[in-house]
Amino acid sequence: MQNYRLEIEYDGTRYYGWEHQPNVDTIQGKLENVLAEMCSIKPENIELNGAGRTDAGVHAKDMTASVKLNTDRSTEEIRDYMNRYLPDDIAVTSVEKAADRFHARYNASGKTYRYSIYDGKVKPVFDRRYYTPLDEELDVEAMKSAASYLIGEHDFKSFCGNPKMKKSTVRIIDSLEVLRVGGYVYITVHGSGFLQNMVRIISGTLIEIGLHKRPADEMKDILDSLNRRKAGYTAPAKGLCLIKTDY
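Quick caveat: nothing in here was measured; it's all calculated off a predicted structure. (Residues numbered from 1 in each chain as written. Predicted model: local features only at pLDDT ≥ 70, side-chain atom pairs only at ≥ 80, totals over all residues. Heavy atoms only, no water.)

Draft legend 1. The arrangement of the overall build of the protein in detail. Each helix and strand counted, the protein has 5 helices and 10 strands in total. The C-alpha radius of gyration computed for the protein amounts to 19 Å, which stays within 12% of the reference 18 Å derived for 247 residues, consistent with globular compactness. Each of the 247 residues in the protein was classed as buried or not, and the buried ones make up 50%. Of the contacts made within the protein by residues no fewer than 6 positions apart, 70% connect residues no fewer than 24 positions apart. Looking at the protein as shown, the accessible area adds up to about 12700 Å², and 46% of this sits on carbon and sulfur atoms. The averaged location of the 36 negative side-chain charges in the protein is 4 Å from the averaged location of its 35 positive side-chain charges. (Helix = DSSP H or I, 4+ residues; strand = E, 2+ residues; numbered from the N terminus. Rg over C-alpha atoms; globule rule 2.2 N^0.38 Å. Buried < 20%, exposed > 50% of the residue type's maximum accessible area, 1.4 Å probe, protein only. Contact = heavy atoms within 4.5 Å. Areas by Shrake-Rupley, 256 points an atom, 1.4 Å probe, with all protein chains shown as cover. Lys, Arg positive; Asp, Glu negative; His and termini not counted. Charge placed at Lys NZ, Arg CZ, Asp CG, Glu CD.)

Draft legend 2. Representation of the packing of helix H3 (residues 140–147) against helix H4 (residues 198–210). Relative to each other, H3 and H4 sit at 135 degrees, their axes nearing to 8 Å. The orientation of H3 with respect to H4, classified from their angle, is oblique. The element H3 and its partner H4 pack so that their crossing is right-handed. Seen from H3, the contacting residues are Ala142, Met143, Ala146 and Ala147; seen from H4, they are Leu206, Ile207, Ile209 and Gly210. Partitioned by chemical class, the residues of the contact of H3 with H4 number 7 nonpolar, 1 polar and no charged. (Axes fitted to C-alpha atoms, helices over the stretch in contact; angles between N-to-C directions. Parallel < 35°, antiparallel > 145°, perpendicular 65-115°, else oblique. Left-handed = near helix turned anticlockwise from the far one by under 90°. Nonpolar A, V, L, I, M, F, W, Y, C, P; charged D, E, K, R; others polar.)

Draft legend 3. Structural view of the environment of Gly152. Mapped onto the fold, Gly152 is located in strand E7 (residues 152–155). Not counting chain neighbours up to four residues away, the residues in contact with Gly152 comprise Arg171, Ile172 and Ile173.

Draft legend 4. Molecular detail of helix H1 (residues 27–39). With 13 residues, H1 should reach 18 Å at 1.5 Å per residue; the first-to-last C-alpha distance of 19 Å fits that figure. Judged by how many residues are buried, H1 sits mostly within the fold: 10 of 13 residues are covered. Taken together, the buried positions of H1 are Ile27, Gln28, Gly29, Leu31, Glu32, Val34, Leu35, Ala36, Met38 and Cys39. Residues of H1 that are buried make contact with strand E1 (2–10), strand E3 (59–69), helix H2 (75–85) and strand E4 (90–97). A positive backbone phi angle near 60 degrees is found at Ser40, which sits one or two residues after H1. (Expected span 1.5 Å × (residues − 1).)

Draft legend 5. Spatial organisation of unusual backbone geometry. Although it is not a glycine, Asn23 sits at a positive phi angle of roughly 70 degrees. One can find Asn23 in the loop between E1 and H1.

Draft legend 6. Fine view of the side chain of Arg200. Looking at the secondary structure, you find Arg200 in helix H4. Of note is the side chain of Arg200, whose polar atom sits 2.8 Å from the backbone oxygen of Ala235. (Polar contact = N/O pair within 3.5 Å; in protein donor to acceptor, adjacent residues only side chain to side chain.)

Draft legend 7. Expanded view of the side chain of Thr132. Position of Thr132 among the secondary structure elements: in strand E6 (residues 132–133). Those residues within four positions of Thr132 in sequence are excluded, and the remaining contacts are Tyr115, Ser116, Ile117, Tyr118, Pro236, Lys238 and Gly239.

Draft legend 8. Representation of the environment of Asn70. Within the secondary structure, Asn70 is located in the loop between E3 and H2. The class of Asn70 is exposed, set by a relative accessible area of 61%. Asn70 sits 32 residues away from Met38 along the chain, and the two C-alpha atoms are 10.0 Å apart. Non-local contacts of Asn70, meaning those with residues more than four positions away in its chain, are made with Met1 and Cys39.

Here it is as structure tokens:
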């Protein structure tokens, strides 16, 4: 059995997230089905590990995955076979042989996510599945000020979407940039790892601050409260994209 590293991009609009689930379409499920067909085995005998578990409707520019396969095909032939049979909204951009101990999730050292918003006058039609539209213009400077409170190592329990989380909610955010480009506002965050819905809750809170529904300095109180109900809403999934995973 050879271990392989795959780089994958996908439009998550019509999928119930990354992780395979019974009776619904998921990214992992589609990939495992194609690999199983290629190797002439049952899908349950394929164990594809992703760098993360993106939620339903979330996209990825570069999701890393690892899988052990018994095949004589070259890495290029594996890539080409998968792209031939995968749906049009999932693509494998590269396949490489990896060390036997390489694991896409356990070996990941950091991730970059980007949340995209559009608050301009005329909404762009052709990328409408990849941003959250707003009717009011955001105060980006207020958002930047609020974002600065989240840099560093903190307990992010206030920004965790899992109320039953028993493991540590301490995480490190290395950078959190809020950038306006015309009518678009991008929230780009890099960290060692993220809690369930964490980036979407941070984005929702920053949106509320950008709309002057909260003062920027309230972000510190939200963080210190360790109370999910103090933070803002969970921003829609379609605006979020996994940009890259570090190793």
